[in-house]
Amino acid sequence: MDVATSPPAPQGGFSFLNCLRNTALEQGLVSQGFQAPKARKTGTTIAGLVCADGVVLGADTRATDDMVVAEKNCLKIHYLAPNIYCCGAGVAADAEATTQLLSSKLELHSLATGRPPRVVTANRFLRQMLFRYQGHIGASLIVAGLDSTGAHLYSVHPHGSSSRLPYNSMGSGAGAAISVLEDRFKPKMELLEAQELVADAIQAGILGDLGSGSSVDLCVITQDGARLLRGYRTPAAPGKRLGRYRYRAGTTAVLSEKVELRSLEVLEEHVQSMDVE
Amino acid sequence: MAGCGAPCGAGAEVRTGTTIMAVEFAGGVVVGSDSRVSAGEAVVNRVFDKLAPLHKRIYCALSGSAADAQAIADMVHYHLELHSMDMDDPPLVLAAATLVRGISYKYKEELSAHLMVAGWDHRKGGQVYGTLGGMLTRQPFAIGGSGSTYIYGYVDAAYKPGMKLEECQQFTKNAIALAMSRDGSSGGVIYLVTITKAGAEEQVFLGDDIPKFYDE
């Protein structure tokens, strides 16, 4: 691509022409003291691990708009295939749209090949698509599942790089979560122990990261299928109010009452008829 | 999120940081790398294998932007497989290196990854090619990545032509261990691949198996 000549003609796919318009608008807005709206990121702590019977994925449920919690119970664990699920961090819309597109592609591929989809296929589709968009699609994903070749977990970054690992965490709470996983992970863990470990990792993110909160969702994928455990744990339940903040009528005593009538004089009347034909 | 507590590698691009190295010997090549992948200050993968197979007896070592490097390796792997079917023969290492160099040069402005190509073929035996910036150069040994700057002196002093397989493996391990201890972007474990006529043998060296020097 010769960057010195004019930009290439738009061909199918994402058009970046609006980026020029947006920059111009933003510059105009800033001079008047306004700010262009930012894409909403999910904040987020997501984590996953491979255990003896399959994989366990976990995520928190808070979606933030800068410093405001936009959604207290959003679902960050997305369906890709009956045996493959994906946790999404980064820009909420990008993660959602990418996983939906990937789910469709996997279904079509599965129908064409006559075989259940493989996690490695999901990983490759994701990598190639995200690389093509050069990081403009801000989706950080942990894809995991159980297929004919075994249990696998891949973490994919927005620019299109991916790693296959036995466990990993992503999102703003990744630091808190990975420390829990690094401490207690063992290969071939029992399912219940694995679930508790992932829940603890997400909890560390919920308690220790401002961008993550509310409750822990888990997704367990084994030979028997996938189970989505919504609200597996709520480490930070809202506290019970100890008093009432509403005052009943009559709390303030009325000492006296005075009614004054005001007479109003009609000065001018103007009638306009409506044409109802 | 401004000032988020966790190491905010979430926004930064994922790079392999890296120390990579490849050495020719009579009969094949030894390729080695560290295993650290960083995004800003955070390490996102501490056991990443940067030695990617391009074909049965040809490997490439990845450095620079993780996404770019993986994408190039995937593309070349694909092209080599087709090429090998067309020729009905295992591909030459030069062919693999030329493919890598072609992509690296054409998209020089857009990509920021360096792949070192090494392998064995029946025509010229063990070969190491550097493709930095889109050039193509065969070298008796090559080092690359951010950690390589710390070991130029060591490799220049320690390299002897005509080393045997075990000597090459030790040379590579020593050099990478030294770089890992000095470069913040390199670390983890050492991956080694030995490629000969018989095929490719992969090894991992962890913890105490990594060579130690005076201060460890």
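Residues numbered from 1 in each chain as written. Chains lettered and ligands numbered in written order. Predicted model: local features only at pLDDT ≥ 70, side-chain atom pairs only at ≥ 80, totals over all residues. Heavy atoms only, no water.

**Q** Even after reading the chapter, I still don't get the overall build of chain A, so can you show me in this structure?
**A** Within chain A, the regular secondary structure consists of five helices and 12 strands. Computed over C-alpha atoms, the radius of gyration of chain A comes to 27 Å, more than 25% over the 19 Å expected from 2.2 N^0.38 for 277 residues, which places it beyond the range of a compact globule. Buried positions account for 41% of the 277 residues belonging to chain A. Here the contacts in chain A between residues at least 6 apart in sequence split such that 61% fall between residues at least 24 apart. Working note: accessible area of chain A is about 17400 Å², and carbon and sulfur atoms make up 55% of it. Computed over 27 positive and 27 negative side-chain charges, the separation of the two mean positions in chain A equals 8 Å. (Helix = DSSP H or I, 4+ residues; strand = E, 2+ residues; numbered from the N terminus. Rg over C-alpha atoms; globule rule 2.2 N^0.38 Å. Buried < 20%, exposed > 50% of the residue type's maximum accessible area, 1.4 Å probe, protein only. Contact = heavy atoms within 4.5 Å. Areas by Shrake-Rupley, 256 points an atom, 1.4 Å probe, with all protein chains shown as cover. Lys, Arg positive; Asp, Glu negative; His and termini not counted. Charge placed at Lys NZ, Arg CZ, Asp CG, Glu CD.)

**Q** Sorry, what's going on with the interface of chain B and chain A here?
**A** By a widespread convention, an interface's size corresponds to the accessible area lost as its parts come together. Counting residues at the interface gives 21 residues for chain B and 23 residues for chain A. Buried surface at the junction of chain B and chain A, summed over both partners, amounts to about 1900 Å²; 56% is from carbon and sulfur atoms. One salt bridge in this structure joins Arg127(A) and Asp74(B), with 2.2 Å as the shortest N-O distance. Seen at the junction of chain B and chain A, the total is five residue pairs in polar contact (both at pLDDT 80 or more). Of all the secondary-structure elements, those providing two or more residues to the side of chain B that touches chain A are strand 5 (42–45) and helix 1 (66–87) of chain B. A per-element tally of the side of chain B that touches chain A places helix 1 of chain B first, with six residues. (Buried area = accessible area lost by both parts, 1.4 Å probe. Salt bridge = Lys/Arg side-chain N within 4 Å of Asp/Glu carboxyl O. Polar contact = N/O pair within 3.5 Å; in protein donor to acceptor, adjacent residues only side chain to side chain.)

**Q** Is there a simple way to think about the packing of aromatic side chains in this case?
**A** Two numbers describe a pair of aromatic rings. These are the distance of the centres and the angle of the planes. Residue and element names in this part refer to chain A. Enumeration according to the criterion identifies six aromatic pairs over all chains in this entry. For the ring pair tyrosine 167 and phenylalanine 185, a centre distance of 4.5 Å and an interplane angle of 35° mean the geometry is tilted. Residue tyrosine 167 is found in strand 10 (residues 167–170), and its partner phenylalanine 185 is found in the loop between helix 4 (174–184) and helix 5 (191–208); the two are separated by 18 residues along the sequence. Residue classification places tyrosine 167 among the buried residues on the basis of a relative accessible area of 12%. (Phe/Tyr/Trp six-rings, centres within 6.5 Å; stacked < 30°, edge-to-face > 60°.)

**Q** Just checking my understanding: could you explain the side chain of Gln169(B) for this structure?
**A** Considering the arrangement of structural elements, one finds Gln169(B) in helix 4 (residues 165–182). Aside from chain neighbours lying at most four places away, what touches Gln169(B) is Val30(B), Leu192(B), Thr194(B) and Gln203(B).

**Q** It is not clear to me how unusual backbone geometry should be interpreted in this structure. Could you clarify?
**A** Excluding glycine, most residues fall at negative phi; most peptide bonds, likewise, are trans. We note that Thr44(A) has phi near 90°; this positive angle belongs to a residue other than glycine. Secondary-structure assignment places Thr44(A) in the loop between helix 1 (17–31) and strand 1 (46–50). Given a relative accessible area of 0%, Thr44(A) falls into the buried group. You will see that Asp88(B), though not glycine, has its phi angle at about 55°, which is positive.

**Q** Even after reading the chapter, I still don't get the pattern of salt bridges, so can you show me in this structure?
**A** For the structure on display, the rule yields 13 salt bridges over all chains. Among the charged side chains, a network of salt bridges with common partners joins Arg184(A), Glu196(A), Asp200(A) and Arg233(A).

**Q** Looking at this structure, how should I read the nonpolar core?
**A** One recurring pattern in soluble globular proteins: nonpolar side chains tend to sit buried together. Residue and element names in this part refer to chain B. Grouped together as the largest cluster of nonpolar side chains are 28 residues, with contacts concentrated most on Leu54, Cys60, Leu62, Ile72, Leu115 and Val117. Those elements that provide at least two residues to this core are strand 4 (37–39), strand 6 (51–55), strand 7 (58–64), helix 1, helix 2 (93–106) and strand 8 (113–121). It is helix 1 that contributes the most residues to this core, eight residues altogether. Ignoring any residue separated from it by four or fewer positions in sequence, one finds cysteine 60 in contact with Lys50, Leu51, Ala52, Leu54, Ala73, Leu115, Met116 and Val117. (Core = buried A, V, L, I, M, F, W, Y, C linked by side-chain atoms within 4.5 Å.)

**Q** Would you mind showing me how to read the UniProt feature "domain: Proteasome beta subunit C-terminal" (unreviewed entry) in chain A here?
**A** According to UniProt, the positions carrying the feature "domain: Proteasome beta subunit C-terminal" (unreviewed entry) are residues 238–271 of chain A. Annotation note: span residues 238–271 of chain A, helix share 0%, strand share 0%, distance between end C-alpha atoms 58 Å. (UniProt positions renumbered as here; feature names shortened; annotations may be inferred.)

**Q** I keep staring at the sheet that holds strand 5 (residues 77–81) of chain A and nothing clicks. Help me out?
**A** Working definition: the strands of a sheet are paired by backbone hydrogen bonds and lie parallel or antiparallel to each other. Residues and elements named next belong to chain A. Spatial ordering of the open sheet is given by 5-6-7-8-9, a layout of five strands whose pairing is antiparallel. The strands lining the two open edges of the sheet, one partner per strand, are strand 5 and strand 9 (162–164). Taken over all neighbouring pairs, the strand axes of this sheet differ in orientation by 20° on average, direction set aside. As defined by bridge partners, strand 8 (residues 150–156) adjoins strand 9 across three bridges and the pair is classed as antiparallel. (Pairing = 2+ DSSP bridges. Axes fitted to C-alpha atoms, helices over the stretch in contact; angles between N-to-C directions.)

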